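# Structural overview for review
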Amino acid sequence: MPANKVQTYKLAKNLEISRAITGLWQIADMEKDGNTLDPVRTSQFMVPYAEAGLNTFDMADHYGSAEIIAGTFKKNLGEGTKTRLLTKWVPKPGPVSREQVREAVQARLDRLQAKKVDLLQYHAWKFSNPYWLDALIYLQELKEEGLIRAIGTTNFDTAHLRIAKSSGVDLVSNQISYSLVDRRGGGQMADYCDANGIAILAYGTLCGGFISKKWLGKSEPTGDGLSNWSLMKYKRFIDSAGGWAKFQNLLEVLNKVSEEADRSISTVASKYQLGQKAVGAVIIGARLGENAHIADSSSIFTFDLSTSQKSRIQSSIELFDSIAGDCGDEYRKPPYLTASGDLSHHLETFPPVYQPTIKGEIQQINSGTPWESLAGYSRALKIGNRILLSG
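Since this is a predicted model, take the numbers as computed values, not measurements.

## Describing the overall build of the protein chain
Tallying secondary structure elements over the protein chain gives 14 helices and 14 strands in all. For the protein chain, whose C-alpha radius of gyration is 22 Å, the value lies close to the compact-globule estimate of 21 Å for 391 residues. Expressed along its principal axes, the backbone C-alpha trace of the protein chain runs to roughly 70 × 45 × 45 Å. Counting only residues that meet the buried cut, the protein chain has 52% of its 391 residues in that class. Partitioning the intrachain contacts of the protein chain with sequence separation of at least 6 by distance along the chain shows that 74% fall at a separation of at least 24. For the protein chain, the exposed area adds up to about 17,600 Å²; of that, 50% sits on carbon and sulfur atoms.

## Points about the sheet that holds strand 4 (residues 56–58)
Pairing is parallel in the closed barrel, where 8 strands are placed in the order 3-4-5-6-7-8-9-10. Going across the sheet, the axis of each strand differs from the next one's by a mean of 30 degrees, ignoring polarity. Contacts from helix 6 (residues 131–145) reach strand 5 (84–89), strand 6 (117–122), strand 7 (148–154) and strand 8 (171–177), with the element oriented near 160 degrees to strand 7.

## Concerning the pattern of salt bridges
Enumeration over the complete set of coordinates arrives at 21 salt bridges. In this structure, Arg84 engages Asp118 in a salt bridge whose closest nitrogen and oxygen atoms are separated by 3.5 Å. Of this pair, Arg84 sits in strand 5 while Asp118 sits in strand 6, and the two are 34 residues apart along the sequence. Judged by relative accessible area, which is 19%, Arg84 ranks as buried. Assessed through its relative accessible area of 3%, Asp118 is described here as buried. In this structure, the salt-bridge partner of Glu290 is Arg287, at a minimum N-O distance of 2.9 Å. For Arg287, a relative accessible area of 14% puts it in the buried group. Each of Asp29, Lys32, Arg287 and Glu290 takes part in one network of salt bridges that share partners.

## So, the packing of helix 4 (residues 66–76) against helix 5 (residues 98–112)
Pairs of packed helices are described in terms of their axes, by the angle between the two and the distance that separates them. Look at helix 4 against helix 5: their axes get within 7 Å of each other, and the N-to-C directions meet at 50 degrees. Classified by the interaxial angle, the pair formed by helix 4 and helix 5 is oblique. Each of Glu67, Ile68 and Gly71 in helix 4 lies in contact with helix 5, whose residues at this interface are Arg108, Arg111 and Leu112.

## Section: the pairing of strand 7
The buried fraction of strand 7 amounts to 6 of the 7 residues, a majority that puts the element mostly inside the structure. With 5 bridges connecting them, strand 6 and strand 7 associate as parallel partners. By the bridge assignment for strand 7, Tyr122 is matched with Thr153. Sheet topology places strand 7 next to strand 8; 4 bridges connect them, and they run parallel.

## Remarks on the packing of helix 5 against helix 6
Closest axis-to-axis distance for the helix 5/helix 6 pair is 9 Å, and the angle between their directions is 60 degrees. One way to sum up the angle between helix 5 and helix 6 is to call them oblique. When you trace helix 5 past helix 6, the crossing you get is right-handed. Facing Arg98, Val101, Arg102 and Val105 of helix 5, the residues of helix 6 in contact are Ala135, Tyr138, Leu139, Glu141, Leu142 and Glu145.

Thresholds, definitions, all that
- Residues numbered from 1 in each chain as written.
- Predicted model: local features only at pLDDT ≥ 70, side-chain atom pairs only at ≥ 80, totals over all residues.
- Heavy atoms only, no water.
- Helix = DSSP H or I, 4+ residues; strand = E, 2+ residues; numbered from the N terminus.
- Rg over C-alpha atoms; globule rule 2.2 N^0.38 Å.
- Buried < 20%, exposed > 50% of the residue type's maximum accessible area, 1.4 Å probe, protein only.
- Contact = heavy atoms within 4.5 Å.
- Areas by Shrake-Rupley, 256 points an atom, 1.4 Å probe, with all protein chains shown as cover.
- Pairing = 2+ DSSP bridges.
- Axes fitted to C-alpha atoms, helices over the stretch in contact; angles between N-to-C directions.
- Salt bridge = Lys/Arg side-chain N within 4 Å of Asp/Glu carboxyl O.
- Parallel < 35°, antiparallel > 145°, perpendicular 65-115°, else oblique.
- Left-handed = near helix turned anticlockwise from the far one by under 90°.

In structure tokens form, the structure reads like this:
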């Protein structure tokens, strides 16, 4: 398919991406047995994506060797394809220094074999301590230094996205779970992003592969029927949204639209998501060397959904229950909508937010900010049953 069929989106002045991004998170699943993929051989499977105009790839520091594979591709095979490599920094919760942030960015540059990270997306596990804002401000400094082309966030809720943006961090994107099953990316998140020039990069749009004809009319999978981490994760989303019967109803509606449009169910779902407010791109996962859906991804841009078709899809998703909370809450509070149902495969422990100093019946809790020593505030005292706050 000609490369010019794929639409692009201008994330920043010097950063244009394809509106269908190829996600490389499944590299981690492919390497979970401890066998690392050969970067030279595996990078060759990225060539047909780029040649089709699908020249934007999304990865992270914890997606196995995805950064190394992508960097190898761009250096050896991706010249002339305007390839864009988007990655993430997902540090463990706790204090962060300028030096640690610089080391993290340099590690991304080394693995990508690049002088500048196209888009560095930051994930915070908790917002209960302002360390997350420190990290973003230090990233902003490195952007101004020239090591980062653009800064984004991933799995931020609306309130903390607003805080970051108003604190002077030049955010261009927020990557969140957003699909026909998980509608949290609409409403206040979409409104804020649209008003502030922040693009939603929607992942999970195909629910890990569940939104496909393969699952139409099938009985509910359990246990061995969930063959990879993505399926295990998004089955939890389907359960939280009302269950298998409601999901099958959605697939039936999508199937009728797909027959009318002569496109796959997955393509119809991706097209619908691209039409939502503030959505800059959808991220479609790939298992390099195993499953390629290049024709499907490219065909998103060769048709339009009619008003009637969009209305029928909308009616089917309105039958779902709402996923609780705001975007990203599935990583911060129960029920954890992850592959394992908790954070065990992400984190060992959460460090305490604050360490109290106990003097008799008085507990002093400091925030860790410089204001404590300079001005004597940003702290709390617990005296018996009373809590006194300053700052």
